[in-house]
Protein chains: 4
Amino acid sequence: MKRIGILTSGGDAPGMNAAVRAVAGKAMAEGLEAYGINYGFAGLVAGDIHKIEAADLDGVIQRGGTLLYSARYPEFAHEEGQLKGIEQLKRFGIDALVVIGGDGSYHGALRLTEHGYNTIGLPGTIDNDIPYTDFTIGFDTAVNTNVQALDRIYDTAHSHDRTFVVEVMGRGAGDVALWSGVSIGATAIVVPEVDWSMEEIANKIKHNRANGHRSNLIVLAEGVMGAQEFVEKLSEYGDFDARGNTIAHMQRGGNPTAKDRVMASKMGAYAVELLLAGKGGLAVGIQNNQLVNHNMLDLFDSKHEVEVSLDKLNDEISFK
Amino acid sequence: MKRIGILTSGGDAPGMNAAVRAVAGKAMAEGLEAYGINYGFAGLVAGDIHKIEAADLDGVIQRGGTLLYSARYPEFAHEEGQLKGIEQLKRFGIDALVVIGGDGSYHGALRLTEHGYNTIGLPGTIDNDIPYTDFTIGFDTAVNTNVQALDRIYDTAHSHDRTFVVEVMGRGAGDVALWSGVSIGATAIVVPEVDWSMEEIANKIKHNRANGHRSNLIVLAEGVMGAQEFVEKLSEYGDFDARGNTIAHMQRGGNPTAKDRVMASKMGAYAVELLLAGKGGLAVGIQNNQLVNHNMLDLFDSKHEVEVSLDKLNDEISFK
Amino acid sequence: MKRIGILTSGGDAPGMNAAVRAVAGKAMAEGLEAYGINYGFAGLVAGDIHKIEAADLDGVIQRGGTLLYSARYPEFAHEEGQLKGIEQLKRFGIDALVVIGGDGSYHGALRLTEHGYNTIGLPGTIDNDIPYTDFTIGFDTAVNTNVQALDRIYDTAHSHDRTFVVEVMGRGAGDVALWSGVSIGATAIVVPEVDWSMEEIANKIKHNRANGHRSNLIVLAEGVMGAQEFVEKLSEYGDFDARGNTIAHMQRGGNPTAKDRVMASKMGAYAVELLLAGKGGLAVGIQNNQLVNHNMLDLFDSKHEVEVSLDKLNDEISFK
Amino acid sequence: MKRIGILTSGGDAPGMNAAVRAVAGKAMAEGLEAYGINYGFAGLVAGDIHKIEAADLDGVIQRGGTLLYSARYPEFAHEEGQLKGIEQLKRFGIDALVVIGGDGSYHGALRLTEHGYNTIGLPGTIDNDIPYTDFTIGFDTAVNTNVQALDRIYDTAHSHDRTFVVEVMGRGAGDVALWSGVSIGATAIVVPEVDWSMEEIANKIKHNRANGHRSNLIVLAEGVMGAQEFVEKLSEYGDFDARGNTIAHMQRGGNPTAKDRVMASKMGAYAVELLLAGKGGLAVGIQNNQLVNHNMLDLFDSKHEVEVSLDKLNDEISFK
């Protein structure tokens, strides 16, 4: 093995650059060359590929976004696209790949492995919705971005005795909402994985207001419904002077946190070790604080486990 | 004069606490007592009033929100409410007041002055929409909150070659959008004070994309329209993979910036000096870097001047 | 059991307030009363104790420092002090305690348990130097504070092709330095747990500068030596235009990160569960992502394990 | 005029990149070409010069440091160096220059003007120590970095009833200390421009501690003495459990604030306008919120005016 290709795929996530740097840095330390593929699988097929020099890695660990850009490219599901991609790998002499992205991008990675190009997947998404890993690259940063926003919103809620419904990202998963909600001591955290009732939430707010806690923050996972819709439905149960806020895409950017940088660095180096050991078709994760790998096929049948106990914890300690 | 009352009114703004601290601190330094009135004019009428002790001012300069709370209270426009308020002032022995809030609250302040209770107004709002002051307390913090959010959104726009329409606050005024937009080098800044055309903006984006600048941020003042509506109208002119984001209430909270803390401190001390000089019915401002005061009556007929040249500046230097 | 006492001891750490809130909130949810003891063991002995009301817990999860204050109080090592403390516990009807602090404070906690007052210890220190827990409350925040400072220093290092030696906290342990160093891609991380040579570090800098990487950051654990001393010794091996920086006490303050808030919340609730189960003399930790408890006695003989492999990881992927 | 050269000189300051972008962007908008000169006057002499393309200006307004690098180069004081620099200007066809840096760099700028190459100076330094401008590029960011650090240190000071002496930058000027000190409500601000007595400061701390304000922050300008030295001298007047902290170089980096970005943008565009009007040897500033220019010769005889009244203001409103 002489050349490792790296691409980022799906929505960008803070820490992707730290992962790219770790893969490339580790590859160079092992005497290999690293090649960057721009715009994910689209760029692979188009041959938008360049050698990564050591100097390109200066000052990137701290940057949000992805220096390799990203793009959706559903065409890679078809063999035609895959074969074109493989043409390009041959052309650039790339022997193996690391793909950083959501589990959607693992399908393409598995196809490349089947075609004889070992590919390792790293979990890069703020949504934390990938099976067989406790955390994904970008999740910690996104949660902290939300928490800083919620701290600010708390100031206004507290000054005005107002209820805020704050919608956060996570696609179908409630992780971002659960961590964000526990961190602000939310009146309620509403996620797809836990049953909830609007009436109960309304009663909680009423209880809080009756007991002098008139500022109430509700953290809402986007997988449930939109903030404005929630506010409207909530208002059927009383007048809470409620406002809907949607934190939106700022969750996806910004300098990554230390945890995301360290985890991405570990995972990136580990991916190169797996490739050097002749492995492919594996998804890297972190479970119980240890680096792990699982066959990508296993992931497709599995569902990410959400730490739903956080909802109960929040309810208990935020009891008022 | 022995006792000065302080209240905050209208939407909260970062730096209001710094202003409250400055008024109370300066009052104490002058041998006076300071009284806090909770929930603005509503609390004045209700008698929700307490003596401020020096210890209450520890660690408040850095806090967002308002420790005196705020509330809307349109009832204070009627003389009945005013007379009730004056009853309370008498009851607590308060001789004069400082009101921190938007220019809406200056009406109530002027009424109190006419009733013999000198009242000074400080401009506390993130919207920067008060006449006779270059800056309001909270504006600088809100703009910096936006700029940090825009920096994050830029990461995603750049990684995905995407167009973002980011709506910021400001009520009817474009100041927040103009400062935020110049700070991120926006493709366009859309404010109520400057003529604009959707077609031109679409052409700019097309031009940028044709020249390799495929990430485009448009900063939109809430006074114009909503982000989602803008995205829809924009999409009539082409497919820009555009997303709408609304930064919303987080702009109103958070630790104030140095500029807001220093300006609020100056204005707060100055308000006490004016009261000690027997003045009332005056609105404090900062113009050309100097503390100024104007008769509140003059403000009601005036319009805040927006630095519209920022839009042209941004266009020129963001030329691509 | 009706009343649980809570105190914070040793150096303050971000997340202590989240832990206090969780202990008190969980206690109230279980029908117990929570009592706050100010200034650690000193306040216990002095009887500086008050009932915590639900309203006291509003808006504290986001605050740095400790609302219960902290103080050193070596006198509590003597039985005289302990007996006085127990007098106070009796006086206030407190049945059991939670102590949040470094492992030094676990000695006092164990004494109280031996005297019949079950006490649970929570690891509250930025230094991460407590055995039987992967992370301490405050560590993640301190590391992120450092990383933000290092990002800033990188800007200047890069603009001026300069070497910076940045000293971070951690007392005898290298954890803070290791995580901070990996996060910035340091040229070298110098910690007490790993052998190192000044000559090698100087050679690395020379190698980097010869290869066009002229900005070099060295992250130094305070347990090794001071930044200025390091700079002087380094300069014996060449002229690196090196500057020493000491990040100092700002590492101990600030709003806690999401991770610290969530972990402190979990640990606080867990401590109450242990007390309700009639347990005492236990130190709570988190290992492999799971809440654990260990007999305090075991901690006194143990040494915290440092993840020294982070140093090797950093060397490899920062290869230039 | 067809080509404008740009260089940054002296210590880097946040906002320098925004200024470079504005100069280059405005130049391009006027149909000119912009050339970047790396490493200040050293790079000018060495011919380290390149054409700036529009794409180089993407995503730089938000970056700290200087993308044109900086270096000290005292040799430019000699005519030999100047003539070499002019050789390079001729070689690259550069007709006029903008120099961004401290007033030290204005000497070189004036020499170039005298040699027939019109040069405009922009005030780029965090120290705010340049005459004829109320603010320099980078000052607002540095102050806010300090204020965030002071907010953190306050948490620890407050939790431990401790005194902190925090040294901030500013070279010979007290501006950074004054703004930082007012922003945190310092017990004392110690700057070169205002007489002070250690005994008085000690008495203030004693007074505060006697009145229940046991956390005391003293903000110290580096132009006076070092933090450790100050702590030692202070301790001659009592035991204040005082610690010295030096914020150091992190003040010079980081994403610039909105104010610095907007001001740098205005100044950069204005510099090009002056060059287009055939002017040279002028220093751009902002006074009373208006862009101004002054002959560089006038600056050399002048002293920057410090807003010393901030010290008195702080004393008054921090009265305890």
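Residues numbered from 1 in each chain as written. Chains lettered and ligands numbered in written order. Predicted model: local features only at pLDDT ≥ 70, side-chain atom pairs only at ≥ 80, totals over all residues. Heavy atoms only, no water.

Named according to an unreviewed UniProt entry, chain A is ATP-dependent 6-phosphofructokinase originating from Lactiplantibacillus paraplantarum. Quoted verbatim from the Cofactor (unreviewed entry) heading of the UniProt record, the comment on chain A is "Mg(2+)". In its Subunit (unreviewed entry) section, the UniProt entry covering chain A states "Homotetramer." (UniProt positions renumbered as here; feature names shortened; annotations may be inferred.)

S.K.: Where do I start with unusual backbone geometry in this structure?
M.R.: Of all residues except glycine, most have a negative phi; of all peptide bonds, most are trans. In this structure, Y39 of chain B is a non-glycine residue whose phi angle is positive, near 60°. Within the fold, Y39 of chain B resides in the loop between β2 (33-37) and α2 (40-46). A relative accessible area of 15% means that Y39 of chain B is categorised as buried. Phi at N128 of chain D is positive, roughly 60°, even though this residue is not glycine. Mapped onto the secondary structure, N128 of chain D falls in the loop between β5 (119-123) and α5 (139-160). The exposure class of N128 of chain D is buried, given its relative accessible area of 2%. (Helix = DSSP H or I, 4+ residues; strand = E, 2+ residues; numbered from the N terminus. Buried < 20%, exposed > 50% of the residue type's maximum accessible area, 1.4 Å probe, protein only.)

S.K.: Any chance you could explain the pairing of strand β8 (residues 216-221) of chain C here in plain terms?
M.R.: Residues and elements named next belong to chain C. Burial of β8 is extensive: 6 of the 6 residues sit out of reach of the surface. The two faces of β8 match: N216, I218 and L220 on one face and L217, V219 and A221 on the other face are all buried. Sheet topology places strand β6 (residues 163-168) next to β8; 6 bridges connect them, and they run parallel. Bridge pairing in β8 links T163 to N216. Once the chain exits strand β7 (residues 188-190) it traverses helix α7 (residues 198-210) before rejoining the sheet at β8, and the crossover so formed is right-handed. (Pairing = 2+ DSSP bridges. Right-handed = clockwise from strand over helix to strand, strands pointing away.)

S.K.: Just checking my understanding: could you explain the UniProt feature "domain: Phosphofructokinase" (unreviewed entry) in chain A for this structure?
M.R.: When the UniProt feature table is mapped onto this chain, "domain: Phosphofructokinase" (unreviewed entry) is found at residues 3-275 of chain A. Taken end to end, residues 3-275 of chain A comprises 43% helix and 16% strand; its first and last C-alpha atoms sit 11 Å apart.

S.K.: Can you walk me through the interface of chain C and chain A in this structure?
M.R.: A common way to report how large an interface is uses the accessible area buried once the components associate. Taken together, the contact between chain C and chain A spans 46 residues of the former and 46 residues of the latter. Surface buried jointly by chain C and chain A totals about 3,900 Å² across both partners, of which 55% is contributed by carbon and sulfur atoms. One can count 6 salt bridges joining chain C with chain A. The residue E316 of chain C makes a salt bridge to K26 of chain A at a minimum N-O spacing of 2.7 Å. Across the chain C-chain A interface, the total number found is 22 residue pairs in polar contact (both at pLDDT 80 or more). Of all the elements in the fold, those that place two or more residues in the side of chain C that touches chain A are α1 (16-29), α5 (139-160), α6 (175-184), α9 (258-276) and α11 (309-317) of chain C. With 7 residues, the top contributor of residues to the side of chain C that touches chain A is α9 of chain C. Considered class by class, the residues forming the side of chain C that touches chain A number 20 nonpolar, 14 polar and 12 charged. (Contact = heavy atoms within 4.5 Å. Buried area = accessible area lost by both parts, 1.4 Å probe. Salt bridge = Lys/Arg side-chain N within 4 Å of Asp/Glu carboxyl O. Polar contact = N/O pair within 3.5 Å; in protein donor to acceptor, adjacent residues only side chain to side chain. Nonpolar A, V, L, I, M, F, W, Y, C, P; charged D, E, K, R; others polar.)

S.K.: Looking at this model, I keep getting lost on the packing of aromatic side chains. Mind explaining?
M.R.: Here a ring pair, both rings aromatic, is described through the centre-centre distance and the interplanar angle of the planes. Inspection of the entire model under this criterion finds 28 aromatic pairs over all chains. Ring plane angle 85° and centroid distance 5.8 Å describe the contact between F135 of chain A and W179 of chain A, whose orientation is recorded as edge-to-face. Placement of the pair is F135 of chain A in the loop between β5 (119-123) and α5 (139-160) and W179 of chain A in helix α6 (residues 175-184), with a sequence separation of 44 residues. Overall, F135 of chain A belongs to the buried group, its relative accessible area being 11%. Relative accessible area serves as the criterion here: at 8%, W179 of chain A is assigned to the buried category. For the ring pair F41 of chain B and F76 of chain B, a centre distance of 4.5 Å and an interplane angle of 20° mean the geometry is stacked. Taken as a pair, F41 of chain B in helix α2 and F76 of chain B in the loop between β3 (49-51) and α3 (79-92) lie far apart in primary sequence, 35 residues in all. You'll find F41 of chain B and F76 of chain B in the same group, each marked buried. Each member of the aromatic cluster is reached from another via a ring pair, and the members are F135, F139 and W179 of chain A. Here the guanidinium or amino end of K259 of chain B rests over the ring plane of F135 of chain B, the centre of that ring lying 3.3 Å away. (Phe/Tyr/Trp six-rings, centres within 6.5 Å; stacked < 30°, edge-to-face > 60°. Lys NZ or Arg CZ within 6 Å of the ring centre and 35° of its normal.)

S.K.: I tried to follow the domain arrangement of chain A on my own but got confused; where do I start?
M.R.: All names here are of chain A. You can read the domains of chain A as domain 1 (1-136 + 255-299) and domain 2 (140-251). The C-alpha centroid of domain 2 is placed 35 Å from the C-alpha centroid of domain 1. The interface of domain 1 with domain 2 comprises 12 residues on the first partner and 12 residues on the second. The largest per-residue losses of area from domain 1 upon contact with domain 2 belong to I126, D127 and T257, which jointly make up 48% of the total buried on that side. Connecting domain 1 to domain 2 are 2 salt bridges. Close ionic contact of R171 with D129 constitutes a salt bridge, the shortest N to O distance being 2.7 Å. Taken together, the residues of the side of domain 1 that touches domain 2 sort by class into 4 nonpolar, 3 polar and 5 charged. (Domains from an automatic or database assignment.)

S.K.: What is the right way to look at the relation of the copies chain C and chain A in this model?
M.R.: Each of the two chain copies can be brought onto the other by rotation about an axis and movement along it. Least-squares fitting of chain C to chain A yields an RMSD of 0.0 Å, with the transformation described by 0.0 Å of translation along the axis and a rotation of 180°. Look at the turn and shift together and you get a two-fold axis relating the two. Residue N288 of chain C, judged by its C-alpha, is the member of chain C lying nearest the rotation axis, at 2.0 Å. A shared binding surface is used by both copies, with 100% of the interface residues of chain C retained as interface residues in chain A. (Least-squares fit on C-alpha atoms with pLDDT ≥ 70 in both.)

S.K.: What's the story with the UniProt feature "active site" (unreviewed entry) in chain A in this structure? I'm lost.
M.R.: Residue and element names in this part refer to chain A. Mapped onto the present numbering, the UniProt feature "active site" (unreviewed entry) falls on D127. Mapping D127 onto the fold places it in the loop between β5 and α5. When neighbours within four sequence positions are excluded, D127 is seen to be in contact with T136, M169, G170, R171, A173, D175 and V176. In terms of polar contacts, D127 uses its side chain to reach the backbone amide nitrogen of G170, at 3.3 Å.

S.K.: For this particular structure, what's the right way to read the sheet that holds strand β4 (residues 96-101) of chain D?
M.R.: The strands making up a sheet are joined through hydrogen bonds of the backbone, oriented either antiparallel or parallel. Residue and element names in this part refer to chain D. In space, the 7 strands of this open sheet follow the order β3-β2-β1-β4-β5-β10-β11, with mixed pairing throughout. Here the strands that pair on one side only, and so sit at the sheet edges, are β3 (49-51) and β11 (290-295). The mean angle between the axes of side-by-side strands here comes to 25°, regardless of whether they run parallel or antiparallel. As paired strands, strand β1 (residues 3-8) and strand β2 (residues 33-37) are joined by 5 bridges and run parallel to one another. Bridging from a neighbouring strand, I4 pairs with A34 of β2. Taken strand by strand, helix α1 (residues 16-29) contacts β1, β2, β4 and β5, and its axis lies near 180° from that of β1. Helix α9 (residues 258-276) rests against β1, β4, β5, β10 (282-287) and β11 of the sheet, and its axis sits at about 165° to β5. (Axes fitted to C-alpha atoms, helices over the stretch in contact; angles between N-to-C directions.)

S.K.: What am I meant to see in helix α9 (residues 258-276) of chain A here?
M.R.: Three- or four-residue spacings in an α-helix give side chains the same orientation, since the helix completes a turn every 3.6 residues. Residues and elements named next belong to chain A. Here α9 contains 19 residues, and its C-alpha end-to-end distance of 27 Å stays within 8% of the 27 Å for a straight helix at 1.5 Å per residue. Extensive coverage of α9 is indicated by the burial of 17 of its 19 residues. Backbone geometry just after α9 places G278 at a positive phi near 80°. (Expected span 1.5 Å × (residues − 1).)

S.K.: Any chance you could explain the pattern of salt bridges here in plain terms?
M.R.: A side chain of one charge can pair with a side chain of the opposite charge when the charged atoms of the two come close. Under the defined criterion, the tally for this structure stands at 76 salt bridges over all chains. In this structure, K26 of chain A engages E30 of chain A in a salt bridge whose closest nitrogen and oxygen atoms are separated by 3.2 Å. Here the salt bridges share partners, and the residues they tie into one network are K26, E30 and E273 of chain A together with K312 and E316 of chain C.

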